[in-house]
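# Secondary and tertiary structure notes
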Amino acid sequence: MTTPFEHASRPLATDTYLLHGIGDAAEFGGIVNPPVYHASTVTFRNLADMEARGRAIDAADTDVMWYGRKGTPTTFALQNALAHLEGGYRSLLVSSGLAACTSAIMAFVKAGDHILVSDSVYGPTRHFVDTVLARCNISATYYDPCIGAGIGSLFRPNTTLVFTESPGSQTFEIQDIPAIAQAAHARGAVVVMDNTWATPLYFKPFEHGVDVSVQAATKYIVGHSDALMGVITTNQATWRTVREYVFAAGQHAGPDDVYLALRGLRTMAVRLERHQRNGLALAQWLAQRPEVAQVLHPGLPDAPGHALWKRDFTGASGLFSVVLAPGFSDHAFRAFIDHLALFRLGFSWGGFESLVMPFDLRGERTAAPPPAAAAVGQAFRLHVGLEAKEDLIDDLAMAMRQLARQ
Ligand SMILES: *Cc1c(COP(=O)(O)O)cnc(C)c1O
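Residues numbered from 1 in each chain as written. Predicted model: local features only at pLDDT ≥ 70, side-chain atom pairs only at ≥ 80, totals over all residues. Heavy atoms only, no water.

An unreviewed UniProt entry lists the protein chain under the name Cystathionine beta-lyase, with Pandoraea thiooxydans as the source organism. As stated in UniProt under Cofactor (unreviewed entry), the record for the protein chain gives "pyridoxal 5'-phosphate". (UniProt positions renumbered as here; feature names shortened; annotations may be inferred.)

So, on to the layout of surface pockets. As a volume, the largest pocket reaches approximately 840 Å³. Around the largest pocket sit 39 residues that line it, and Tyr122, Gly123, Pro124, Ser169 and Arg381 are the ones nearest its centre. Only helix 5 (97-106), helix 6 (123-135) and strand 11 (355-359) provide two or more residues apiece to the lining of the largest pocket. Per-element accounting of the lining of the largest pocket gives the leading share, 4 residues, to helix 6. (1 Å grid on protein atoms, 1.4 Å probe; cavity = no way out; pocket = protein on both sides within 12 Å on 5 of 7 lines; lining within 4 Å. Points joined across faces, edges and corners; volume = space filled by probe spheres on them. Helix = DSSP H or I, 4+ residues; strand = E, 2+ residues; numbered from the N terminus.)

In any sheet, the strands associate via hydrogen bonds between backbone groups, in a parallel or an antiparallel arrangement. Across the sheet, 7 strands lie side by side as 1-7-6-5-4-2-3; this open sheet has mixed pairing. With partners counted over all chains shown, the strands left at the sheet margins are strand 1 (90-94) and strand 3 (139-143), one partner each. In this sheet, adjacent strand axes meet at a mean angle of 20° when their direction is disregarded. One ladder, built from 5 bridges, connects strand 4 (residues 159-165) with strand 5 (residues 190-194); its direction is parallel. Considered in strand 5, the bridge of Val162 is made with Val191. Helix 5 contacts strand 1, strand 2 (114-118), strand 4, strand 5, strand 6 (212-216) and strand 7 (230-234) of the sheet and is inclined by roughly 160° relative to strand 6. (Pairing = 2+ DSSP bridges. Axes fitted to C-alpha atoms, helices over the stretch in contact; angles between N-to-C directions. Contact = heavy atoms within 4.5 Å.)

So, on to the sheet that holds strand 8 (residues 292-296). Spatial strand order, 8-9-12-11-10: 5 strands in an open sheet with mixed pairing. In this open sheet, the two strands that pair with only one neighbour each are strand 8 and strand 10 (344-345). With 5 bridges joining them, strand 11 and strand 12 (residues 379-383) adopt antiparallel strand pairing. Counterpart to Val356 in the pairing with strand 12 is Leu382. Against the sheet, helix 11 (residues 268-287) engages strand 8, strand 9 (319-324) and strand 12, with an angle of about 10° to strand 9.

Summed over the entire model, instances satisfying the criterion amount to 3 cavities of 30 Å³ or more. Roughly 140 Å³ of volume is contained in the largest cavity. Contributing to the lining of the largest cavity are 16 residues, with Thr62, Asp63, Phe76, Gln79 and Trp239 lying nearest its centre. Sorting the residues of the lining of the largest cavity by element identifies helix 4 (73-86), strand 1 and helix 9 (239-249) as the ones contributing at least two each. Tallied by class, the residues present in the lining of the largest cavity amount to 7 nonpolar, 4 polar and 5 charged. Roughly 70 Å³ of volume is contained in the second largest cavity. Surrounding the second largest cavity, Arg69, Lys70, Gly71, Thr75, Gln79, Leu92, Leu93, Val246, Phe247, Gln251, His252 and Ala253 form its lining. (Nonpolar A, V, L, I, M, F, W, Y, C, P; charged D, E, K, R; others polar.)

The next thing to look at is the environment of Pro35. Tracing the sequence through the fold places Pro35 in the loop between helix 2 (14-20) and helix 3 (47-59). The spatial distance from the C-alpha of Pro35 to the C-alpha of Ala134 is 42 Å, given a sequence separation of 99 residues. Not counting residues up to four positions away in its chain, the partners in contact with Pro35 are Phe28 and Thr74.

The next subject is the site of the ligand. Within the structure, the ligand sits among Ser96, Gly97, Leu98, Tyr122, Glu165, Asp194, Ala216, Thr218, Lys219, Leu228 and Trp349. Take Asp194: an N or O atom from its side chain is 2.6 Å from a nitrogen atom of the ligand. The protein chains hide 90% of the 380 Å² of surface that the ligand would expose on its own. Taken together, the residues that form the shell around the ligand break down as 5 nonpolar, 3 polar and 3 charged. (Near = heavy atom within 4 Å. Polar contact = N/O pair within 3.5 Å; in protein donor to acceptor, adjacent residues only side chain to side chain. Areas by Shrake-Rupley, 256 points an atom, 1.4 Å probe, with all protein chains shown as cover.)

This brings us to the UniProt feature "modified residue: N6-(pyridoxal phosphate)lysine" (unreviewed entry) in the protein chain. In this numbering, the UniProt entry assigns the feature "modified residue: N6-(pyridoxal phosphate)lysine" (unreviewed entry) to Lys219. Relative to the elements of secondary structure, Lys219 occurs in the loop between strand 6 and strand 7.

The next thing to look at is helix 3. Between its first and last C-alpha atoms helix 3 spans 18 Å; for 13 residues at 1.5 Å apiece the expected length is 18 Å, and the two agree. What helix 3 keeps buried is the set Asp49, Arg53, Gly54 and Ile57. An end-on view of helix 3 places all buried positions within 135° of arc, on one side of the element. Exposed residues pointing more than 90 degrees away from the buried face of helix 3 are listed as Leu47, Arg55 and Asp58. In this structure, the buried residues of helix 3 make contact with helix 9. Capping of helix 3 at its N-terminal end is provided by Asn46; its side-chain oxygen lies 3.2 Å from the backbone amide nitrogen of Ala48. Just past helix 3, the residue Ala60 takes up positive phi, approximately 60°. (Expected span 1.5 Å × (residues − 1). Buried < 20%, exposed > 50% of the residue type's maximum accessible area, 1.4 Å probe, protein only. Arc of directions from axis to C-beta.)

See below:
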């Protein structure tokens, strides 16, 4: 039997790749899914075998079995699939999305360096920059996520890294990644991007100048709210530097979680289509409501960075924010959140289910005010799941009655 690759006249479409390109069934006696290898110790046939594998590990080019922490066939199957999907050179798995963000920074900085970080970066990434990096004498300047090529004026002689996240957490500004990458590369700085929202299916970081892409696989890749994992994908130039740090720091992802991520990945394209359709439908519905001042969804024409989203992205996932019109009491807002039934209150997102999380940006941003109304409070983020959208709209409509009653 020929493999799907042998008779295709062009590279497999992503939808097909997710089903046929991951793992190699022939390697596992025909078993469709890469098996779960539980391993710390890997034994060698003899000293010569150990030395040969040691040289291969040092060359950093192949999937070599050496010690469980450095990967098994389960790990390699997921890493190779993600590198392919992101359009990067190679990927490494780490323990969480946050660990992917912090490792991608740590790989490139030393005491005395300066980095540039988007003002709309994921909160815990910002916390790491403000605490651990500050303690190591690595300084940071937060920049307006909509700065584009204007970022050039913020570089200092010791600026080594630009951290981007597009769209931004909570406020969903789309960044002009190609313009930022051009400015950074002209000054010898590395560009890291948190690409969790779009996933590698809806944004191709390496085609837009990114050097290192990170994913919280916890979100859409795992997709079922039952495992934490991070992915770091590099281009060829940054591979050794990132790998050196990740191995030196002892980062690792457990085999059962890797399996859950491999399983989630199979259906990610289908799930994302529904997240996108439901998300846009709800965003449009919410934008018409008198209770709502602003919907922050990159797919809506008046959202910050909508034109860039259309230029650079091929889709939208199911996460966006809503800012209420002014004038509702705190009591009414709390009642609204508590009356939601299908949108459950919880951190994280990217699973099959809908979630809500209120947020308050007052005092959180330091470089630029958040988009219009998001500066005034009473805002919430929605993750729109795979439910029937009519049920989700009913849920929102019923809870919004609490806003009338005050
Ligand atoms: C959730 C999230 C992370 C962190 O992922 P964890 O697996 O929860 O550590 C990082 N970046 C973004 C944009 C996220 O939404």
